[in-house]
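Secondary and tertiary structure notes
Read off the chains here:
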Amino acid sequence: MNENIVKITNMTKRYGKQNALDDISFDVKKGSIVGLIGPNGAGKTTIMKIMGGLVFQTKGGLEMFGETDERGLNHARTRMSFMIESPYLKMNMTARENLEKQRLQKGIPDKHRIDEVLEIVKLADTGKKTVKNFSLGMKQRLGLANALLGKPEFMVLDEPINGLDPEGIMEIRELFIRFNREEDITIMISSHILRELSLLCTDYIFINEGKLKGSLSAEELKRINSDYYHINTDNNEKAAAVLTDVCGIERLEINEDKSIKIYDGLDRIRDISKTLYDNGIIPVELTRNEVDLEEYYMKLIKGGDIS
């Protein structure tokens, strides 16, 4: 059985009369890379700040590394690192000077750890170059180096690839995979770039308006979101009737533009196309697609059928 590093139970965070979080429950399992997904204002950063001890929940349970009381949670946080919103960096310092300052503040005795993390994030050769002259990707990597200083078992990262170009995003993605596989670090990431999360994450948590909308593993997402055919004809209303009554299609969806998606019978699409034609219906578009994370997310947030 997988060990839960974090367990959040019926958590609510209220600011005045407004709920930033509303009765949320979820787990984070050891060894996972979890994508925390939701629109702006959904409550993602609030969750991360509560985990980091920056704000406190109004009610509900927080368990991290088996600890639940205030003293225990503070101890658990020494096994974690956080990069919430922008990484804290001194612009007039070099990468090494920034990390030395953070090493002393965190009470990390091993001076050689700076060399190790700079090598990991590929900033070892920046020398006397100050952070103000770094690219955005370099600044993000330095923020990650800072997060690695204390050899965390769990990293919590808020929008770590925001604003990066495709090359920078790919570099950060490769770092996360390395952290997870080689350093045995569990990771939670919030991001709006769902394609990147789909390439990276083992699990997903979806929230909207402070409420949990769903959670599932990448394997579960792949299993329930089968391929489908997108069909558009010169008479979609009649086509839908033929598909169900004549072709025996049970899993069918009508889109807003009246085009059709079918989720079964995909291995006999030629026969289905011929049946439509034999019934006086001309297929205009017939394309095979795969439901991805972004489409699943949009359906989930809009409250559509995702089964």
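Further remarks concern the overall build of the protein. Each helix and strand counted, the protein has 11 helices and 13 strands in total. In terms of principal-axis extent, the alpha carbons of the protein reach across some 80 × 45 × 40 Å. A separation of at least 24 residues holds for 67% of the contacts in the protein among residues at least 6 apart in sequence. Across the protein, the 44 positively charged side chains and the 49 negatively charged ones have centroids separated by 6 Å.

Pairing in this open sheet of three strands is antiparallel, and the strands run β2-β1-β4 from one edge to the other. Both outer strands of the open sheet, β2 (18–29) and β4 (59–64), are each paired with one neighbouring strand and no more. Across the sheet, the mean angle separating the axes of adjacent strands is 15 degrees when strand polarity is ignored. With five bridges joining them, strand β1 (residues 4–15) and β4 adopt antiparallel strand pairing. Residue Ile8 lies in a different strand from β4, and its bridge partner there is Leu62.

Another point: the environment of Val28. Checked against the element boundaries, Val28 lands in strand β2. On a C-alpha basis, the gap between Val28 and Thr186 in space is 8.6 Å, while along the polypeptide they are 158 residues apart. Setting aside residues no more than four positions away along its own chain, Val28 makes contact with Glu3, Asn4, Ile5, Val6, Val34, Phe154, Thr186 and Met188.

Bringing unusual backbone geometry into the picture now. With a phi close to 45 degrees, Asn10 is a non-glycine residue in the positive phi region. Looking at the element boundaries, Asn10 is found in strand β1. Judged by its relative accessible area of 39%, Asn10 is partly exposed. A positive phi angle, close to 55 degrees, is found at Glu209, a residue other than glycine. What makes Glu209 exposed here is its relative accessible area of 63%.

Here the focus is the pattern of salt bridges. Inspection of the entire model under this criterion finds 13 salt bridges. For Asp184, the salt bridge identified is with Lys30, shortest N-O distance 3.6 Å. Residue Asp184 is found in the loop between α6 (166–182) and β7 (186–190), and its partner Lys30 is found in the loop between β2 and β3 (33–37); the two are separated by 154 residues along the sequence. The closest approach of N and O atoms between Glu196 and Arg173, which form a salt bridge, is 2.8 Å. One end of the pair, Glu196, is in helix α7 (residues 194–200); the other, Arg173, is in helix α6, with 23 residues separating them in the sequence.

An ideal rise of 1.5 Å per residue puts 16 Å on 12 residues; helix α3 (residues 95–106) measures up with 16 Å between its terminal C-alpha atoms. Those residues of α3 lying buried are Ala95, Asn98, Leu99, Gln102 and Arg103. Projected down its long axis, α3 shows its buried positions confined to an angular sector of 135 degrees, all on one face. Pointing more than 90 degrees away from the buried face of α3 are the exposed residues Leu104 and Gln105. Buried-residue contacts for α3 involve α4 (113–120) and α5 (136–148). Of the residues trailing α3, Gly107 is marked for its positive phi of about 70 degrees.

Reading the values: the criteria
Residues numbered from 1 in each chain as written. Predicted model: local features only at pLDDT ≥ 70, side-chain atom pairs only at ≥ 80, totals over all residues. Heavy atoms only, no water. Helix = DSSP H or I, 4+ residues; strand = E, 2+ residues; numbered from the N terminus. Contact = heavy atoms within 4.5 Å. Lys, Arg positive; Asp, Glu negative; His and termini not counted. Charge placed at Lys NZ, Arg CZ, Asp CG, Glu CD. Pairing = 2+ DSSP bridges. Axes fitted to C-alpha atoms, helices over the stretch in contact; angles between N-to-C directions. Buried < 20%, exposed > 50% of the residue type's maximum accessible area, 1.4 Å probe, protein only. Salt bridge = Lys/Arg side-chain N within 4 Å of Asp/Glu carboxyl O. Expected span 1.5 Å × (residues − 1). Arc of directions from axis to C-beta.

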